[in-house]
Amino acid sequence: MDWRTHYNSRLATPEEAVGHIKSGDRVIVGHACGEPGALLDAMAANAAAYRHVEIVHMVSMGTSPYCAEGMEEHFTHNSLFAGATTRKAVNEGRGDFTPAFFYKIPELLRTSLRPDVAMVQVSPPDEHGCCSLGVSVDYGKTAVQVATTVIAQVNRNMPRTLGESMVHATDLDVIVELDTPVIELPKAAPGEVEMRIGENCAGLIQDGDTLQLGIGAIPDAVLHFLGGKKDLGIHSEMFSDGVVELIEAGVVTNAKKKVHPGLCVASFLMGTRRLYDFVDDNPLVYLAGVEWVNHPLVISQNDNVVAINSCVQVDLQGQVVSSSAGLRQISGIGGQADFVRGASYSKGGRSIMAFPSLAKGGVSKIVAFADAGSAVSQTREDVDYVVTEHGVAALAGQTLRERARRLIAVAHPDVREGLQEEYERRFGSLDAILGR
Ligand code: COA
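Calculation criteria
Residues numbered from 1 in each chain as written. Predicted model: local features only at pLDDT ≥ 70, side-chain atom pairs only at ≥ 80, totals over all residues. Heavy atoms only, no water. Near = heavy atom within 4 Å. Polar contact = N/O pair within 3.5 Å; in protein donor to acceptor, adjacent residues only side chain to side chain. Areas by Shrake-Rupley, 256 points an atom, 1.4 Å probe, with all protein chains shown as cover. Phe/Tyr/Trp six-rings, centres within 6.5 Å; stacked < 30°, edge-to-face > 60°. Helix = DSSP H or I, 4+ residues; strand = E, 2+ residues; numbered from the N terminus. Buried < 20%, exposed > 50% of the residue type's maximum accessible area, 1.4 Å probe, protein only. Lys NZ or Arg CZ within 6 Å of the ring centre and 35° of its normal. Pairing = 2+ DSSP bridges. Axes fitted to C-alpha atoms, helices over the stretch in contact; angles between N-to-C directions. Contact = heavy atoms within 4.5 Å. Salt bridge = Lys/Arg side-chain N within 4 Å of Asp/Glu carboxyl O. Disulfide = S-S within 2.5 Å.

A. Local environment of the site of the ligand. In the vicinity of the ligand there are 21 residues, among which Arg 87, Val 312, Arg 328, Ser 331 and Gln 336 approach most closely. The contact in question runs from an oxygen atom of the ligand to an N or O atom on the side chain of Arg 87, over 2.8 Å. Contacts to the ligand include Ser 331, whose side-chain N or O atom sits 2.6 Å from an oxygen atom. Here the ligand, which alone exposes 960 Å², has 72% of that area covered by the protein.

Quick look at the structure:
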């Protein structure tokens, strides 16, 4: 059958589309700004028709209606990354959490997390019947390949990103044409603290480095200070608007990269329409599945990889807690470990944990001991630098005593005295012997 005949025969309304979901199904939902919000709304409106539908989702950028109180009979959320709209359900036992490296998620979808239904969003087909997964290729491509039923929102506002981002119209079982705005992540406005962190991180970046940056005010602040650099590269699980400015300014050229030289490589994008227009049909931006983009051995093929990430706590040994505070699930590890590991295998690579010295509510992120129950995401051997607004603690190759000393120096001044008491309890006698 010609792809156009297939396409036209599968057209449905959102309400008809979600009628293909059955009680007990496992549904995987397109990630981050690629989330098909209209399909999720239609599914939630049809909740009475379902019992125990498992919703597997990573970062949710919409309203996550399947997590609302009262929905627990109909939907169970299996979170791959607890966020603002899903954290409460996960921590109140109305949902659950599956720890996983981001680059392993496609493999899980082929094995223990195999979905019955995939709900994704794509650009309209080209003359060959190819639709782009647009701003979210990551696990979406595997989801389309392995799900029994693929429900796709075809959206003319979805940029047609290039690379390994295409799925074919004949892979889509149910098609909903709907031109809703693609979810945008407004550019963060870094405050004074973030700007100081950005400046401290930028001091560790050299011409020709290949960067991985996460989401939010700190990455944007880092980019702000990179205007004077040359030939930077991007191989990152995601990027946002700030990178576009550095490409247009000639700072990001990708010239020194070994994996797809000349191209920015990512597996998803989060930003404003400016970013989405920039990546539309742009052969300089290569989107691909996360199992390739985030695989540490792929990352490490580039030299001088610099991974910049954030976390919840760092203890005085340099152990990093990234996604929980005690037993409270805050987020997920995302691609952090993939890039920390990839950077450590890369010739000249470096990993940086960058964060404000105080969390919301004024608690210190640098602590003597992580909260009981917290999941350690990076071991004390993993992280090369810890950066706060108070400076840079270089940890690689440092003794326990020296790394504690350096971490205290970049902690918030109000907590240094308490941390110093713990330091003296641990190391005071050795300091006395050494005459320090
Ligand atoms: N103790 C207790 N709670 C803490 C905390 C701490 N040390 N640090 C953060 N939190 C809580 C905040 O209070 C907030 O809770 P609330 O929303 O109920 O108020 C929540 O965690 C999120 O904090 P916030 O400051 O808004 O987070 P952020 O948007 O700056 O993100 C991380 C910080 C650490 C959660 C985030 O960077 C992350 O998930 N990192 C790990 C994953 C990663 O790096 N992936 C790769 C890049 S995409």
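B. Quick peek at the packing of aromatic side chains. In the structure shown here, the tally under the stated rule is six aromatic pairs. Residues Tyr 50 and Phe 75 carry aromatic rings whose centres are separated by 5.7 Å and whose planes lie at 55 degrees to one another, so their mutual orientation is tilted. Of this pair, Tyr 50 sits in the loop between helix H3 (37–45) and strand E2 (53–57) while Phe 75 sits in strand E3 (residues 75–79), and the two are 25 residues apart along the sequence. The same class applies to Tyr 50 as to Phe 75, namely buried. On the numbers, 5.1 Å between centres and 50 degrees between planes, the contact of Tyr 423 with Phe 427 is tilted. Note that Tyr 423 and Phe 427 are positioned in helix H15 (residues 413–433) at a spacing of four residues, about one turn of the helix. For the pair Tyr 423 and Phe 427, one class covers both residues: buried. Directly above the ring of Phe 369 sits Arg 426, whose terminal nitrogen or CZ lies 4.9 Å from the centroid.

C. Summary view of the sheet that holds strand E4 (residues 95–97). With parallel pairing, seven strands are arranged side by side in an open sheet as E4-E3-E2-E1-E5-E7-E10. Since the sheet does not close on itself, it has two edges, and those belong to E4 and strand E10 (174–177), each with one partner. Put simply, the sheet's adjacent strands are angled 20 degrees from each other on average, direction ignored. As paired elements, E3 and E4 share three bridges and run parallel to each other. From the neighbouring strand, Ser 79 faces E4, where its bridge partner is Phe 97. Relative to strand E7 (residues 149–154), H3 is tilted by about 120 degrees, and along the sheet it contacts strand E1 (26–29), E2, E3, strand E5 (117–122), E7 and E10.

D. Up close: the pattern of salt bridges. For the structure shown, the criterion picks out 24 salt bridges. Residue Arg 94 pairs with Glu 92 through a salt bridge whose shortest N-O separation is 2.8 Å. Among the salt bridges present, the one from Glu 107 reaches Lys 104, with a minimum N-O distance of 3.8 Å. Overall, the relative accessible area of 31% leaves Lys 104 in the partly exposed class. Through salt bridges with shared partners, one network takes in Glu 69, Lys 88, Glu 92 and Arg 94.

E. A look at the pairing of E7. E7 sits mainly inside the fold: six of its six residues count as buried. In E7, alternate side chains face the same way, and those of Thr 149, Ile 151 and Gln 153 on one face and Val 150, Ala 152 and Val 154 on the other are all buried. With six bridges connecting them, E5 and E7 associate as parallel partners. Looking at E7, one finds that Gln 121 is bridged to Gln 153. When E7 meets E10, the two strands line up parallel, connected through four bridges. Paired with Ala 152 across the bridge in E10 is Ile 175.

F. Local environment of the state of the cysteines. The final tally for this structure, using the stated rule, is zero disulfides. Unpaired in terms of disulfides, Cys 33 finds its nearest cysteine sulfur in Cys 67, a separation of 17 Å. Assessed through its relative accessible area of 1%, Cys 33 is described here as buried. Cysteine Cys 311 is unpaired, with the sulfur of Cys 201 as its nearest cysteine sulfur at 12 Å.

G. Spatial organisation of the sheet that holds strand E24 (residues 376–378). Spatially, the four strands line up as an open sheet ordered E23-E18-E19-E24, and their pairing is mixed. In this open sheet, the two strands that pair with only one neighbour each are strand E23 (366–367) and E24. Across two bridges, strand E18 (residues 313–315) lies against strand E19 (residues 320–321) in antiparallel orientation. For Val 314, the partnering residue across the bridge sits in E19 and is Val 320.

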